[in-house]
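In case you want the letters, here they are:
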Amino acid sequence: MRLPEIRMITSFPKFAALALCMLALAFVPACGDDKGGETTTGGGGTEPAAGGGTPAATADHGLDGAMQEKVAAAIAKGRAYLLTQQVDSGGFEDNTVEKMPASVPFTAMAVSALVAATPKTSVRSDETIRKALGYLVGYQQEDGSIVDNPKWTNYCTAASVSALGNARIGDYRSNQSKAMAYLESSQIVDESNKGSFGGFPYKDGQTADGSNAFLTVNALEAAGLAKDSVVRKNVGRFASGIQNHSETNPGEIKMTTKDGEEVTVVSGDDGGAIYRVGESKAGLVKRSDGRWELRSYGSMTYAVLKMMRFAGIETTDPRVQAIIRWMSNNWTLDRNPGFENAEDAERAGP
């Protein structure tokens with residue numbers, strides 16, 4: 001087992017953005033067989049890898065032929081770039097802005113993107129993917145976590161479980177199961193910690209936040225968490241607690257602003273979401289009644305929608321309907337909605 005202290009992701013570098021964009025373009029989620037053998041997930045690319053197969057991005061997804069070709073070309077270009085970032089250990093580094101060494105989270109994101117960009121019949125035999133997965137499981141600890149920086153244990157493990165779950169290669173089933181069990185055990189279920197109940201922290205002992213919860217939900221979904229798992233129900237409770245929806249999220253808290261003023265903060269009613277109880281990366285808004293509310297923003301609102309659906313909350317539920325209204329009213333590709341007044345609005349917000 002290896003556990004060196006290395007530099008972790010402290011921003012959202014172009015490498016991570018590229019990997020996530022490739023996943024978005026590829027469209028098709030993982031769907032492995034029950035025996036953990038060959039993957040049935042497809043991705044894109046202008047050329048099939050060894051073993052052939054139809055790239056998913058060129059399949060019929062309601063796009064016209066010209067757009068399908070553009071999508072396939074974009075995925076192929078992204079895949080080619082990612083391959084230049086793999087080092088001898090099998091891990092992936094990032095040289096897009098400044099050299100950042102290979103790490104578990106970079107590698108996990110790259111693997112998920114490459115699986116989506118590789119024909120489904122070729123994932124199991126793809127040496128680049130297998131080598132990268134070998135790098136990840138080489139960091140697996142006795143407790144099941146997969147981590148190269150103990151400050152970010154849940155984050156690293158969740159990203160790795162997503163990669164393993166998307167690849168669905170039977171050789172790594174045991175590693176995936178142990179890492180998945182770790183994630184389930186990391187859920188906060190202490191009733192005295194109401195603001196974090198049902199969520200997930202960066203590491204044991206910390207409070208839960210929407211970013212870690214979202215990453216963990218994606219991982220557990222990719223790994224096939226049982227639909228009746230209590231973990232899902234608990235996630236729904238956490239998600240409701242960080243939504244600005246006073247009908248289902250009443251109550252108030254005391255906070256101190258950056259100017260040192262002690263204020264009363266209550267839930268808003270726009271249906272959007274915040275980072276965690278008592279914190280929004282988009283800041284506070286003063287209401288006409290003298291109280292304050294935490295500003296909703298796009299990335300966390302989407303995260304809460306994903307968590308609610310993961311928890312089995314129906315689309316007809318008032319909480320989900322409120323989120324959909326917020327998204328309809330605030331949708332834009334120019335920035336992360338909610339950060340319009342930020343110093344650098346196009347880059348602001350996790």
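Structural data are supplied above this passage.
Residues numbered from 1 in each chain as written. Predicted model: local features only at pLDDT ≥ 70, side-chain atom pairs only at ≥ 80, totals over all residues. Heavy atoms only, no water.

Undergrad: What's the story with the overall build of the chain in this structure? I'm lost.
TA: Each helix and strand counted, the chain has 10 helices and six strands in total. In the chain, which comprises 350 residues, the share counted as buried stands at 50%. In the chain, the proportion of contacts linking residues at least 24 apart, taken out of those at least 6 apart, comes to 65%. On the chain, roughly 16,600 Å² of surface is accessible, and the fraction owed to carbon and sulfur atoms is 51%. (Helix = DSSP H or I, 4+ residues; strand = E, 2+ residues; numbered from the N terminus. Buried < 20%, exposed > 50% of the residue type's maximum accessible area, 1.4 Å probe, protein only. Contact = heavy atoms within 4.5 Å. Areas by Shrake-Rupley, 256 points an atom, 1.4 Å probe, with all protein chains shown as cover.)

Undergrad: Looking at this structure, I do not really get the packing of helix α7 (residues 210–222) against helix α9 (residues 298–310). What am I missing?
TA: It is at 9 Å that the axes of α7 and α9 come closest, and there the two elements cross at 40°. By the angle class used here, α7 and α9 are oblique. Relative to α9, α7 is oriented so that their crossing is left-handed. Residues G210, S211, A213, F214, V217, N218, L220 and E221 of α7 form the contact with α9, whose own contacting residues are M300, Y302, A303, K306, M307 and F310. For the contact of α7 with α9, a count of residues per class yields nine nonpolar, three polar and two charged. (Axes fitted to C-alpha atoms, helices over the stretch in contact; angles between N-to-C directions. Parallel < 35°, antiparallel > 145°, perpendicular 65-115°, else oblique. Left-handed = near helix turned anticlockwise from the far one by under 90°. Nonpolar A, V, L, I, M, F, W, Y, C, P; charged D, E, K, R; others polar.)

Undergrad: What is the right way to look at the side chain of H245 in this model?
TA: As for its placement among the helices and strands, H245 is situated in the loop between α8 (230–241) and β3 (252–256). If sequence neighbours within four positions are ignored, H245 has contacts with S267, G268, D269, P318, R319 and A322.

Undergrad: Would you mind showing me how to read the packing of aromatic side chains here?
TA: Here a ring pair, both rings aromatic, is described through the centre-centre distance and the interplanar angle of the planes. One pass over the structure, following the stated rule, counts six aromatic pairs. Ring geometry for Y135 versus Y139: centroids 5.2 Å apart, planes at 65°, classification edge-to-face. Measuring from centroid to centroid gives 5.0 Å for W152 and Y202, while their planes differ by 80°, and the two rings are edge-to-face. Of the two residues, W152 sits in the loop between α4 (127–137) and α5 (153–167) while Y202 sits in the loop between α6 (173–185) and α7, which places them 50 residues apart along the sequence. With respect to class, W152 is no different from Y202; both count as buried. In this structure an aromatic cluster arises from ring pairing among W152, Y155 and Y202. Seen from the ring of F197, R237 lies directly overhead, with NZ or CZ sitting 3.8 Å from the centre. (Phe/Tyr/Trp six-rings, centres within 6.5 Å; stacked < 30°, edge-to-face > 60°. Lys NZ or Arg CZ within 6 Å of the ring centre and 35° of its normal.)

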